[in-house]
Amino acid sequence: MTGKLSAPHAALLGIILALTGYITWSALSASNTLNNLIVTVPVAILIAVLSGVILFAAFRSPTPPEPDETSAVWGDLLLLSGFALFCYALTHIGFDVATFVFVWAGVVMSGGKGLWQPPLFSALFTLVLVKGFGALFPYPMLTLVL
Amino acid sequence: MIDQIAFSGAVSLLFTSFAPWMWVIPGLLIGLIFGSIPGLQISMAMAVFLPVTFSMEFLQAMLFLTAIFTGGTYGGGVTAILMNIPGSSSSIATAFDGYPMARAGKHNEALGLGLAASVVGAFVGYILLLLLIDPLAALVLKIGPMEMVVVVLWGLTLIATLNEGSLAKGLMAGFFGLMLSQIGMSTTGVMRTDIFMPFLIDGIAVVPAMIGIFAASELLRLRGGSYLVRDDAQRDISIARIMAGVGQTFKYPGVLIRGSLIGAVIGAIPGVGSSVANLVSYGEAKRKSKNPGSFGKGAPDGVIAAESANSSSEGGSMTALLALGIPGGAATAVLLAAFSFHNIVGGPSFIRNQTDIVYSIILGNLGQVILLAVIGLLMLRVLGMVVRVPLAYLVPSVLAMCAWGGYGITGTIAGPLTVAVFAGLGWLMRGSRYPVAATVIGLLLGRMMEGELVRTLQISGGNPLRYLFERPIALGLFVVMLLVLVGAPALKAYRKRKTGDIAG
């Protein structure tokens, strides 16, 4: 199957269908009045039809030879996971420490050279962000050091 | 149309003292800064600086706050062009062609196009407001949910035109956005799923989702490159090339005027405003273009259409505020708060009794637009430096700012997490060639659509079609929409076939 439909594409369609199914089921169980389902049900039906069309088109069209991008994909996934972790860590370990660590690691992962430049840049960037951006926030912001 | 005595009173109020203008340049700068930082909203800037206006005269306060509004609207377009991060929902369509232009080394021209289109758009919006405030106010009062449904539907039709080679994928992305807009409590108070996260009771926060799906997912794709603009020679910030972009804007007078008119009219509709105006204008520019295939790949007319519409919608949004005392959005709500600080109540009596003040606010804004051209040009040199930062440093820094921006919008962990989830979703969608913009449009307009549909159903007693025929504005809009969407392409195809037959 993945010969015709790439794994990321299959994963995306899976996510779309799973979320659509769950949201529709939830809306139907909450209330089956027209007011509640006026957008959900027609859109769910259209998504189901379009999934069929996209799958049909994917299996009918000849499979193009895919370039080997495995390392790039893993690199993206690693940065994406790091980003998700950073987003979670902001309000748990503090905006300053989380930002400093993420930007340092991100610069290194993105190809930044040198031993001292990435941490120095990260420290200065974090300072500017906390004192500048953070000062404009209308909400309290957890910090550990600054 | 214009009360001559009040007009001359407005001129003397504005030009006999420097005081009203004193805070305009700081206001424009604040707006530009807030607008160009992802996550900082124009309304947030206006709210933060609202207490500063306590000590000001009413006119001074109005010009200061509207200067933040004007600067912020343009600032959002700058980041949309340079980093694919629309500063607000009103700059979504700017990113469609502005960012591809920047990636191709035409960032100077794109910034020039954006600046000129913003200036002209805002100018047209305020001129229309000056001339038509009374009839526009009457029109706004006649706008009901049925009219809103038609306008939102028009915005949604853009989904069909956004596809990267496959119409099915474009539609799927748009409908997925619509489906995601159904998370949380419905407009009628029915509790649908919050996917086990109480933060989502009010639905998915659109701006963090937009930051994640547009910017964060694109930044992941940029990782490993050297600079945003690959060619070293193209990386300079050149005033001459920005000015060339400014000049290029006027080669598309139709797009510019149409965008400005669309923005002013849609902007006047409370609750719809600039978020829909820029999408409708972009969609219309693409449909009417002789080269629609270039859209999404760096078409200058795409940038002009989006920026002229979102800037002119500012004038439109002031219509309801000044004439009716109704805030059309968050920014005008802050302006209304400033009204009350100065013991002024917006609405028909305000226009009738203090026409000179109303005119001076409008004239002051026209002056601000000219100042924006100068300040914007000077600031572009600084803001444009982003193309000279190595991607190894730019990618993680902007990713961090995206997460911070998400927090700035919601004030909870939900904001950064929304950015992260949508970054992943955007990465998957871009990899499989689905247009991420369509999902954002669906998400943005889905709730609006649902609310207006439900209200239409209730008002019409369950018979919306009959109700449509009782609403001349809605019917007129609907007919125009059908003509534009179905009639024009059919006529074009017929003419093409006829020409082909003659040639054959």
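Criteria and thresholds
Residues numbered from 1 in each chain as written. Chains lettered and ligands numbered in written order. Predicted model: local features only at pLDDT ≥ 70, side-chain atom pairs only at ≥ 80, totals over all residues. Heavy atoms only, no water. UniProt positions renumbered as here; feature names shortened; annotations may be inferred. Helix = DSSP H or I, 4+ residues; strand = E, 2+ residues; numbered from the N terminus. Axes fitted to C-alpha atoms, helices over the stretch in contact; angles between N-to-C directions. Left-handed = near helix turned anticlockwise from the far one by under 90°. Contact = heavy atoms within 4.5 Å. Nonpolar A, V, L, I, M, F, W, Y, C, P; charged D, E, K, R; others polar. Salt bridge = Lys/Arg side-chain N within 4 Å of Asp/Glu carboxyl O. Buried < 20%, exposed > 50% of the residue type's maximum accessible area, 1.4 Å probe, protein only. Domains from an automatic or database assignment. Buried area = accessible area lost by both parts, 1.4 Å probe. Polar contact = N/O pair within 3.5 Å; in protein donor to acceptor, adjacent residues only side chain to side chain.

A.B. asks: Teacher, can you tell me more about the UniProt feature "transmembrane region" (unreviewed entry) in chain A here?
C.D. replies: Residues and elements named next belong to chain A. As recorded in UniProt, the feature "transmembrane region" (unreviewed entry) lies at residues 6-25, 37-59, 79-108 and 120-139. For residues 37-59, the end-to-end C-alpha separation is 33 Å, with 91% helix and 0% strand making up the annotated structure. Across residues 79-108, the secondary structure splits into 97% helix and 0% strand, with the terminal C-alpha atoms separated by 11 Å.

A.B. asks: Help me understand the packing of helix α4 (residues 58-83) of chain B against helix α17 (residues 355-383) of chain B in this model?
C.D. replies: Residue and element names in this part refer to chain B. Two elements in contact, α4 and α17, have axes whose closest approach is 9 Å; the angle formed by their N-to-C orientations is 35 degrees. As α4 runs across α17, the sense of the crossing is right-handed. The segment α4 lies against α17, with F58, L59, M62, L63, T66, A67, T70, G71, Y74, V78 and L82 engaging I357, S360, I361, G364, N365, Q368, L372, G376, L380 and L383. Class assignment of the residues belonging to the contact of α4 with α17 gives a composition of 13 nonpolar, 8 polar and no charged.

A.B. asks: Would you mind going over the pattern of salt bridges with me for this structure?
C.D. replies: A side chain of one charge can pair with a side chain of the opposite charge when the charged atoms of the two come close. All names here are of chain B. Tallied over the entire structure, the rule returns 7 salt bridges over all chains. Measuring nitrogen to oxygen at the nearest pair gives 2.5 Å for the salt bridge that ties E284 to R287. Placement of both E284 and R287 in helix α13 (residues 273-288) is noted, with a separation of 3 residues, approximately one turn of the helix. R455 is the salt-bridge partner of E452, the closest N and O atoms lying 3.5 Å from each other. One end of the pair is E452 and the other is R455, both in helix α20 (residues 436-459) and 3 residues apart, which spans about a single turn. Owing to a relative accessible area of 9%, E452 belongs among the buried residues under this scheme. Overlapping salt bridges bring together E284, R287 and K288 as one network.

A.B. asks: What am I meant to see in the domain arrangement of chain B here?
C.D. replies: Interfaces are often described in size by the accessible area the parts lose on coming together. All names here are of chain B. Here chain B is described as being made up of domain 1 (4-470) and domain 2 (471-504). Each of domain 1 and domain 2 has a C-alpha centre, and these two points are 29 Å apart. Counting from both sides, the interface comprises 18 residues of domain 1 and, opposite them, 12 residues of domain 2. Summing both sides of the interface, domain 1 and domain 2 together bury roughly 1,500 Å²; the carbon and sulfur share of this comes to 73%. Of all residues in domain 1, E147, W154 and L468 give up the largest surface area on contact with domain 2, accounting jointly for 37% of the area buried on that side. Summed over the shared surface of domain 1 and domain 2, the result is 1 salt bridge. Close ionic contact of R471 with E147 constitutes a salt bridge, the shortest N to O distance being 2.9 Å. Our enumeration of links across domain 1 and domain 2 arrives at 3 residue pairs in polar contact (both at pLDDT 80 or more). For the side of domain 1 that touches domain 2, the secondary structure elements donating two or more residues are α7 (145-156), α13 and α21 (464-469). Looking at side-chain class alone, the side of domain 1 that touches domain 2 contains 10 nonpolar, 3 polar and 5 charged residues.

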